[in-house]
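Breakdown of the fold
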Amino acid sequence: MIRRLAIRRLETGRRVAAALLLAAILPFSAASAQTPSQPDALTPVEEFSKQLEAFKKTIPDLNKKIEDSAASVDRWTDVGKARKEIEELRAIVGAALGAVTDNGAVSTLGTQALNHARTKLRALEQDTRFKPEEKQFLVDQWRRLREETERATEELGAARKEFAELLRTLQSNEDFIDELIQIRQAQKALEVIQRLTKDIRDASDQLKRLIGGIKPPGA
Amino acid sequence: MRALLVASALLAQASCQPRGDVGYVEIRTVPVLTNVAGPTLYLDTFKVEPPKKGNAVLTQRVGTIKLATDGAGGQLLLCEIAVKKNRITTVTISVLERPPRCQCRNNGANRVCVS
């Protein structure tokens, strides 16, 4: 019964994990379809774009690892093994979350890139070195870059939220399994006490019989 | 010059990133302030950037860390947060109260927020 409950809980977790991961992947694929190549962009924007691409490439691997691990959790009814699998899943999701946290590498670069694009745009709008059409062209390019960088950082925010939620789901599954282990241990302790009580009762009965069998001399 | 800039940016990031065993801290601020600056928050000695849209997720080294804000006589402790490996601990800060109040999603012993 307990095992069945654990498996049902894990299956729910797996479905949630798959759905959340899919939700995390979709905006990224949409973003990569929209983002054109930017050969003229300056360092922070380029660097952010490179880091973001690298992160996106890790998503399919991550998805496969989660699916594989979740499938093996489904097969096992051993709560100890299931807990170990969930620990491994947490490590995978934790690594993905680590890449997109607010103090993580990609997010920090995103903030830098966005600040750079905004500063550049402000400076260009007041720049008098160029002809009006040249200036307009440069301003348009930087506006496009700023908007795309804003969109990309928003997508990172969405991924962050989803990975955090996924990690919480895994945590609650693991906590549930921990509770099952504690129930099993308490059950074992109860069995030991019951056996001990029975042994004491048997010994007591034997003692009673022994005492009952004693007859004083002359009786 | 450009390579130097990239290298220095990456070096700066690397120095900010906690190493070794890490966990995650989610700070939620309620209500979500859009035009007004919220209170300055510190995780141990590091200043936390104001949460965007009332939510920030930060990588932190495993252990117990202090969440504080600026007080009259220096930093004022709001609560302590237990960070566990590959786990997320969520804390909600009620920013309209003076001083801001810390609400743990899960409470441990001695009012420490746990995952």
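Heads up: the structure comes first, above all this text.
In what follows, the accompanying structure is described.

Conventions used here
- Residues numbered from 1 in each chain as written.
- Chains lettered and ligands numbered in written order.
- Predicted model: local features only at pLDDT ≥ 70, side-chain atom pairs only at ≥ 80, totals over all residues.
- Helix = DSSP H or I, 4+ residues; strand = E, 2+ residues; numbered from the N terminus.
- Buried ≥ 20, exposed ≤ 12 C-beta atoms within 10 Å, placed from the backbone.
- Contact = placed C-beta atoms within 7 Å.
- Pairing = 2+ DSSP bridges.
- Nonpolar A, V, L, I, M, F, W, Y, C, P; charged D, E, K, R; others polar.
- Core = buried A, V, L, I, M, F, W, Y, C linked by C-beta atoms within 7 Å.
- Axes fitted to C-alpha atoms, helices over the stretch in contact; angles between N-to-C directions.
- Parallel < 35°, antiparallel > 145°, perpendicular 65-115°, else oblique.
- Left-handed = near helix turned anticlockwise from the far one by under 90°.

**Details of the overall build of chain A**
- Scanning chain A from N- to C-terminus turns up five helices and zero strands.
- For chain A, the α and β elements follow one another from N to C terminus as α-α-α-α-α.
- The proportion of buried residues among the 219 residues of chain A is 32%.
- The contacts of chain A with a sequence gap of at least 6 include a subset with a gap of at least 24, amounting to 80%.

**Side note on the overall build of chain B**
- Each helix and strand counted, chain B has one helix and ten strands in total.
- Per-residue burial for chain B yields a buried fraction of 27% across its 115 residues.
- Counted over contacts in chain B with a minimum sequence separation of 6, partners at least 24 positions apart contribute 56%.

**Description of the sheet that holds strand β9 (residues 106–107) of chain B**
Residues and elements named next belong to chain B.
- Across the sheet, which stays open at both edges, the six strands sit in the order β3-β2-β5-β6-β10-β9 with mixed pairing between neighbours. The sheet is open, and its two borders are formed by β3 (46–48) and β9, each paired with just one other strand.
- One ladder, built from three bridges, connects strand β2 (residues 41–43) with strand β5 (residues 63–71); its direction is antiparallel. Looking at the pairing, L41 lines up with T69 of β5.

**Looking at the interface of chain A and chain B**
- Listed as interface residues are 20 residues of chain A and, on the opposing side, 20 residues of chain B.
- For the side of chain A that touches chain B, the secondary-structure elements that each account for two or more residues are α2 (43–75), α3 (79–100), α4 (105–125) and α5 (132–213) of chain A.
- Considering each element in turn, the side of chain A that touches chain B owes the most residues, six residues, to α5 of chain A.
- Counted by class, the side of chain A that touches chain B contains five nonpolar, ten polar and five charged residues.

**Observations regarding the nonpolar core**
- V93, L97, F163 and L167 of chain A together with I81 and V91 of chain B are the most contacted members of the largest nonpolar core, which has 50 residues in total.
- It is α5 of chain A that contributes the most residues to this core, eleven residues altogether.
- Not counting residues within four places of it along the chain, the set of residues in contact with L167 of chain A comprises R90, V93, G94 and L97 of chain A together with I88 of chain B.

**Brief notes about the packing of α3 of chain A against α5 of chain A**
Residue and element names in this part refer to chain A.
- The contact between α3 and α5 brings their axes to 9 Å, and the two run at 160°. By the angle between their directions, the pair α3 and α5 is classed as roughly antiparallel. Considering only the axes of α3 and α5, their crossing is left-handed.
- Its residues assigned to classes, the contact of α3 with α5 shows 18 nonpolar, two polar and four charged.

**Focus on the pairing of β5 of chain B**
- With nine bridges connecting them, β5 of chain B and strand β6 (residues 74–83) of chain B associate as antiparallel partners. The residue bridging L67 of chain B from the neighbouring strand is C79 of chain B, located in β6 of chain B.

**Structural notes on the sheet that holds strand β8 (residues 101–104) of chain B**
All names here are of chain B.
- Spatially, the four strands line up as an open sheet ordered β4-β1-β7-β8, and their pairing is mixed. Two strands lie at the open edges of the sheet, namely β4 (55–61) and β8, each paired on one side alone. Across this sheet, the average inter-strand angle for adjacent strands is 30°, counted without regard to direction.
- Pairing of strand β7 (residues 88–94) with β8 involves four bridges; the strand directions are antiparallel.

**Some thoughts on the pairing of strand β1 (residues 22–30) of chain B**
Residues and elements named next belong to chain B.
- With seven of nine residues buried, β1 is to be regarded as a mostly interior element.
- Where β1 and β4 come together, seven bridges link them in antiparallel fashion. Considered in β4, the bridge of I27 is made with A56.
- Note that β1 and β7 share seven bridges and pair parallel. Bridge assignment links I27 to a residue of β7, and that residue is V91.

**A word on unusual backbone geometry**
Residue and element names in this part refer to chain B.
- Of note, the bond from V30 into P31 is cis; its omega dihedral lies within 30 degrees of zero at -10°.
- Locating P31 in the fold gives a position in the loop between β1 and β2.
- Cis geometry marks the peptide bond from R98 to P99, where omega comes out at -5°.
- Within the secondary structure, P99 is located in the loop between β7 and β8.
- At K53, a residue that is not glycine, the phi angle is positive and equals roughly 50°.
- Here K53 is to be found in the loop between β3 and β4.
- K53 sits in the exposed class, given 12 other C-beta atoms within 10 Å.
- You will see that N86, though not glycine, has its phi angle at about 55°, which is positive.
- Looking at the element boundaries, N86 is found in the loop between β6 and β7.

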